[in-house]
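Overview (structure and organization)
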Amino acid sequence: DAKTTQPTSMDCAEGRAANLPCNHSTISGNEYVYWYRQIHSQGPQYIIHGLKNNETNEMASLIITEDRKSSTLILPHATLRDTAVYYCTAVGTYKYIFGTGTRLKVLA
Amino acid sequence: GAVVSQHPSWVICKSGTSVKIECRSLDFQATTMFWYRQFPKQSLMLMATSNEGSKATYEQGVEKDKFLINHASLTLSTLTVTSAHPEDSSFYICSAPRGPNQPQHFGDGTRLSIL
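Let me begin by describing the structure that accompanies this report. (Residues numbered from 1 in each chain as written. Chains lettered and ligands numbered in written order. Predicted model: local features only at pLDDT ≥ 70, side-chain atom pairs only at ≥ 80, totals over all residues. Heavy atoms only, no water.)

Within chain B, the regular secondary structure consists of zero helices and eleven strands. Order of helices (α) and strands (β) in chain B, N terminus to C terminus: β-β-β-β-β-β-β-β-β-β-β. The C-alpha atoms of chain B give 13 Å as radius of gyration, which agrees with the globular expectation for 115 residues (13 Å, within 12%). Scored against the burial criterion, the 115 residues of chain B give a buried share of 52%. Long-range contacts, defined as pairs at least 24 residues apart, comprise 52% of the intrachain contacts of chain B with a sequence gap of at least 6. Working note: accessible area of chain B is about 5700 Å², and carbon and sulfur atoms make up 51% of it. For chain B, the centre of its 10 positive side-chain charges and the centre of its 9 negative side-chain charges are spaced 3 Å apart. (Helix = DSSP H or I, 4+ residues; strand = E, 2+ residues; numbered from the N terminus. Rg over C-alpha atoms; globule rule 2.2 N^0.38 Å. Buried < 20%, exposed > 50% of the residue type's maximum accessible area, 1.4 Å probe, protein only. Contact = heavy atoms within 4.5 Å. Areas by Shrake-Rupley, 256 points an atom, 1.4 Å probe, with all protein chains shown as cover. Lys, Arg positive; Asp, Glu negative; His and termini not counted. Charge placed at Lys NZ, Arg CZ, Asp CG, Glu CD.)

Encoded structure:
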């Protein structure tokens, strides 16, 4: 499974878009990119995943570069409840290896 | 609602006792489940893969005799921390995928405190 790297922390103003980058330069062709977030003392919550096409759901958008070596999670209108640690992981079968994640703080 | 249920959510016990944590998939069958451990302000660390009807697969550095995993049915995996000591205090989380290339669903975790 590919290793992922993310910035340690980011701040975002409430109502603005939050763009969270993830580097997965060693990703292989059959590995999906998954994004989860974890609010303090809870289990991770699924956000979105993709293989090579950009994806959008009710929570977020996922932009994957053409070479698939990096991706960006976009929360279009961040709210205070989006304050959490965001993890991206590249998954070939089932096994998830989590990196350090990005601690996103949404500011009022 | 939750699709993976973890129990108990919080446990405190004395050093030397064994603690069992249950992970249930509520509306799907899970032939594979995963167990993670998380220390404060750190990421989730995969401990082992629980396989229904066969032995669990442990990650490097995880003592299989210390952390016993049983996956006796398609909806239940258990993690038993044997002879627990204060250094075993941590947040334990399980997860299960609905199927190949499907998102994993995580339990809400069990906070274990050993005195």
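Okay, the layout of surface pockets next. Of the volumes computed, that of the largest pocket is approximately 570 Å³. In this structure, the largest pocket is lined by 24 residues; those nearest its centre are His40, Val85 and Arg103 of chain A together with Lys41 and Gln42 of chain B. Elements with a minimum of two residues in the lining of the largest pocket: strand S8 (84-91) and strand S9 (102-107) of chain A. Ranked by the residues each element gives to the lining of the largest pocket, the list is headed by S9 of chain A, at four residues. Of the residues that constitute the lining of the largest pocket, the class distribution is eight nonpolar, twelve polar and four charged. (1 Å grid on protein atoms, 1.4 Å probe; cavity = no way out; pocket = protein on both sides within 12 Å on 5 of 7 lines; lining within 4 Å. Points joined across faces, edges and corners; volume = space filled by probe spheres on them. Nonpolar A, V, L, I, M, F, W, Y, C, P; charged D, E, K, R; others polar.)

Bringing the state of the cysteines into the picture now. In this structure the tally under the stated criterion is two disulfides over all chains. The residue that forms a disulfide with Cys22 of chain A is Cys88 of chain A, at a sulfur-sulfur distance of 1.7 Å. The sign of the 50° torsion about the S-S bond sets the Cys22 of chain A-Cys88 of chain A disulfide as right-handed. Taken together, the residues span a long stretch of sequence, with Cys22 of chain A in strand S2 (residues 18-23) and Cys88 of chain A in strand S8 at a distance of 66 residues. A residue is classified by how much of its surface remains accessible, and Cys88 of chain A, at 0% relative accessible area, is buried. Bridging Cys23 of chain B to Cys94 of chain B, the disulfide has an S-S length of 2.0 Å. Across the disulfide from Cys23 of chain B to Cys94 of chain B, rotation about the S-S bond amounts to roughly 80°, and the bridge is consequently right-handed. (Disulfide = S-S within 2.5 Å.)

Another aspect to go through is the interface of chain B and chain A. In this assembly, 23 residues from chain B lie in contact with 20 residues from chain A. Of the roughly 1700 Å² buried between chain B and chain A on both sides combined, carbon and sulfur atoms contribute 55%. Linking chain B to chain A there are zero salt bridges. For the pair chain B and chain A, the number of links is six residue pairs in polar contact (both at pLDDT 80 or more). Of all the secondary-structure elements, those providing two or more residues to the side of chain B that touches chain A are strand S4 (32-38), strand S9 (90-97) and strand S10 (104-106) of chain B. Considering only residue class, the side of chain B that touches chain A consists of ten nonpolar, nine polar and four charged. (Buried area = accessible area lost by both parts, 1.4 Å probe. Salt bridge = Lys/Arg side-chain N within 4 Å of Asp/Glu carboxyl O. Polar contact = N/O pair within 3.5 Å; in protein donor to acceptor, adjacent residues only side chain to side chain.)

Turning to the side chain of Lys66 of chain B, a few remarks are in order. If you trace the backbone, Lys66 of chain B turns up in the loop between strand S6 (57-58) and strand S7 (67-73). Setting aside chain neighbours within four positions, we find Lys66 of chain B in contact with Thr80, Val81, Thr82, Ser83, Ala84, His85 and Asp88 of chain B.

The next point concerns the sheet that holds S7 of chain B. Strands pair in a sheet through their backbones, by hydrogen bonds, and they do so in one of two ways: parallel or antiparallel. All names here are of chain B. In spatial order, the strands read S1-S3-S8-S7; together these four strands make up an open sheet with antiparallel pairing. Across the chains shown, the open sheet's two edge strands, defined by having one partner strand only, are strand S1 (4-7) and S7. Between one strand axis and the next, the sheet turns by 15° as a mean value, whatever way the strands run. Bridge count for S7 against strand S8 (residues 76-81) is five bridges, and the pairing is antiparallel. Bridged to Asn70 within S8 is Thr78. (Pairing = 2+ DSSP bridges. Axes fitted to C-alpha atoms, helices over the stretch in contact; angles between N-to-C directions.)

In this section: the sheet that holds strand S4 (residues 45-50) of chain A. All names here are of chain A. Spatial ordering of the open sheet is given by S1-S9-S8-S3-S4, a layout of five strands whose pairing is mixed. Because the sheet does not close on itself, it has two edges, and the strands there are strand S1 (9-13) and S4. The average undirected angle you get between the axes of adjacent strands in this sheet is 25°. Relative to S9, S1 is paired through five bridges, and the arrangement is parallel. Each bridged residue has a counterpart across the sheet, and for Ser9 the counterpart in S9 is Arg103.

Honestly, that's just the spatial picture; any functional story needs more than this.
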